[in-house]
Amino acid sequence: MILLSHPTANQNVRQAALALAEDDLLAEFWTCLNWKEGGFFERHLPSRLRNELRRRSFSDRVKPFTRAFPWREAGRLLSQQLGLQFLTRAEAGVFSVDAVYLSLDRRVARRLLDSSQLKAVYAYDNGALESFRAARARGLKCIYEHPIVYWREARRYQQEEADLHPEWKPTLGALQDSEEKLARKDAELALADVVIVASTFSKNSLNQAPALTASVQVVPYGAPSVSDAPGESRSGKLAVLFVGALSQAKGLKYLLEAATKLERQIDLTLIGKRVSPLIPTPAMLDKHRWIPSLAYDDLLREMSRHDVLVLPSLHEGFGLVIGEAMAQGLVVIATPHSAAPDLIDDGVDGFIIPIRSAQAIAEKLELLLQEPARLREMKQAARRKAQSHSWEAYRRTLVRLAREVVS
């Protein structure tokens, strides 16, 4: 009944596909890569590429519905490995992320003209316009997932940050988006019959969208199965983790400032790809443990070796790592510009801090250092909270909404 499409199929997309498949609502799932783990080629790939491809494998329940359109995305990954940055430059490159999204969108739109069994198309931000136009021509419903913060709000926060810290401007991607791309996003919203967001903060940001007439439904993402395994401490210090692109949109500068203040008391691990070759500086990264990329299961294991996750983002549509970290027993320190207010009881199973505050980050880390008993209690409370926000609960909620749309 529903055709689902997304080029890169991250964790929430895989869960959406599984939800629709389990409830016999999924007709087709269109993506770029459908990777088979453990194959001959995988053993001979560079580790970074192998980790990326492992994220593109799907459960047996979803595989029969999966249709792959790989060439543009394969070209993007290969260009990244070869350092051919001109081929992946935002919007302009033939293998840019934008080109990948637009290519799959056009392919799905052509597919819709050939299908008579569908009732709805389910697509995502910046990858839905041509699909929705074709769906409207066929009288199909348009389900639009908007997993980020509305672009006008994101651009406002990033412009403020660029004015405050111009050296970090190269990492602020929303400031580089063309007017054409932004108009496309608004056109997608205008065609939607229902908009799905993952957090209250994301929903509120859409109050700035001038063309939006559809209802906006909050369906929070889930967390993985809760781990009861004790963490493997690497030292007597507080083990602090950051997961995400090394961008100032994530508030990274403020975490690094707090880490400098507490460098003798904490061990900081950064997991995420560089956005700029210049900042954070190599000297700054050398002070800490940096892992550019990990496969999903490896990421969860790495999380379990830490005490605290810090996510000081300027804006997040949700922040999947919040639930993932809580499920591994980490205390999460995050800003209200994310799903943190929806997931965290401040001071009980995590902390909610203001944006742009290295001092607030340092204060919470110092508190946990000074009160180890409280740290242990909050880690257990985080596990309990994650258990109540499972992916199973997400799939049930999403299916109920999808059935209402197609009924």
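Here the structure is shown first, and the text comes after it.
Bear in mind that the values here come from a model prediction, so they are computed numbers and not experimental data.

Undergrad: I keep staring at the sheet that holds strand β1 (residues 2–5) and nothing clicks. Help me out?
TA: Two orientations exist for strands paired in a sheet by backbone hydrogen bonds: parallel and antiparallel. One open sheet holds the 7 strands; their spatial order is β3-β2-β1-β4-β5-β6-β7, and the pairing between them is parallel. Strand pairing shows two members of the sheet lacking a second neighbour, β3 (66–68) and β7 (215–218), which therefore form its edges. Each adjacent strand pair in this sheet contributes to an overall mean axis angle of 20°, direction not counted. Note that β1 and strand β2 (residues 26–31) share 4 bridges and pair parallel. The residue bridging Ser-5 from the neighbouring strand is Trp-30, located in β2. Helix α8 (residues 179–191) contacts β4 (120–124), β5 (141–145) and β6 (194–197) of the sheet and is inclined by roughly 130° relative to β5. Here helix α17 (residues 391–406) sits on the sheet in contact with β1, β4, β5, β6 and β7, set at roughly 175° to β6.

Undergrad: Even after reading the chapter, I still don't get the packing of helix α7 (residues 151–164) against α8, so can you show me in this structure?
TA: The relative placement of two packed helices comes down to the angle between their axes together with the axis-to-axis distance. In contact at an axis separation of 11 Å, α7 and α8 are set at 140° when each is read in the N-to-C sense. In terms of axis orientation, α7 runs oblique to α8. Contact with α7, carried on its side by Trp-151, Arg-152 and Arg-155, involves Glu-179, Leu-182, Lys-185 and Asp-186 of α8 and no other residues of that element. When grouped by side-chain class, the residues that make up the contact of α7 with α8 number 2 nonpolar, no polar and 5 charged.

Undergrad: Mind showing me how you'd approach the nonpolar core here?
TA: A general trend in soluble globular proteins is that nonpolar side chains are found buried together. By size, the foremost hydrophobic cluster in this structure holds 60 residues, and its most contacted members are Ile-2, Phe-29, Tyr-122, Met-303 and Ile-322. Looking at this core, the element that brings in the most residues is α17, giving 8 residues. Sequence-distant contacts of Phe-29, defined by excluding residues within four places in its chain, comprise Leu-4, His-6, Ala-9, Val-13, Ala-17, Phe-58, Val-62, Phe-65, Thr-66 and Arg-67. Grouped together as the second largest cluster of nonpolar side chains are 34 residues, Cys-32, Val-100, Tyr-144 and Ala-192 included.

Undergrad: Hey, could you run me through unusual backbone geometry in this one?
TA: With glycine set apart, most residues show a phi of negative sign, and most peptide bonds adopt trans. Note that the residue after Ile-279, namely Pro-280, is joined by a cis bond; omega there is 0°. In the Ramachandran plot, Arg-356 falls in the positive-phi region, its phi being about 60° despite a non-glycine side chain. For Arg-356, a relative accessible area of 24% puts it in the partly exposed group.

Undergrad: Help me understand the pattern of salt bridges in this model?
TA: When the charged atoms of two side chains with opposite charge come close together, those side chains can pair. According to the stated counting rule, one finds 27 salt bridges in the structure shown. Two residues, Asp-193 and Arg-136, come together in a salt bridge whose shortest N-O distance is 3.6 Å. One end of the pair, Asp-193, is in the loop between α8 and β6; the other, Arg-136, is in helix α6 (residues 129–138), and 57 residues separate them in sequence. The class of Arg-136 is partly exposed, set by a relative accessible area of 40%.

The rules we used
Residues numbered from 1 in each chain as written. Predicted model: local features only at pLDDT ≥ 70, side-chain atom pairs only at ≥ 80, totals over all residues. Heavy atoms only, no water. Pairing = 2+ DSSP bridges. Helix = DSSP H or I, 4+ residues; strand = E, 2+ residues; numbered from the N terminus. Axes fitted to C-alpha atoms, helices over the stretch in contact; angles between N-to-C directions. Contact = heavy atoms within 4.5 Å. Parallel < 35°, antiparallel > 145°, perpendicular 65-115°, else oblique. Nonpolar A, V, L, I, M, F, W, Y, C, P; charged D, E, K, R; others polar. Core = buried A, V, L, I, M, F, W, Y, C linked by side-chain atoms within 4.5 Å. Buried < 20%, exposed > 50% of the residue type's maximum accessible area, 1.4 Å probe, protein only. Salt bridge = Lys/Arg side-chain N within 4 Å of Asp/Glu carboxyl O.

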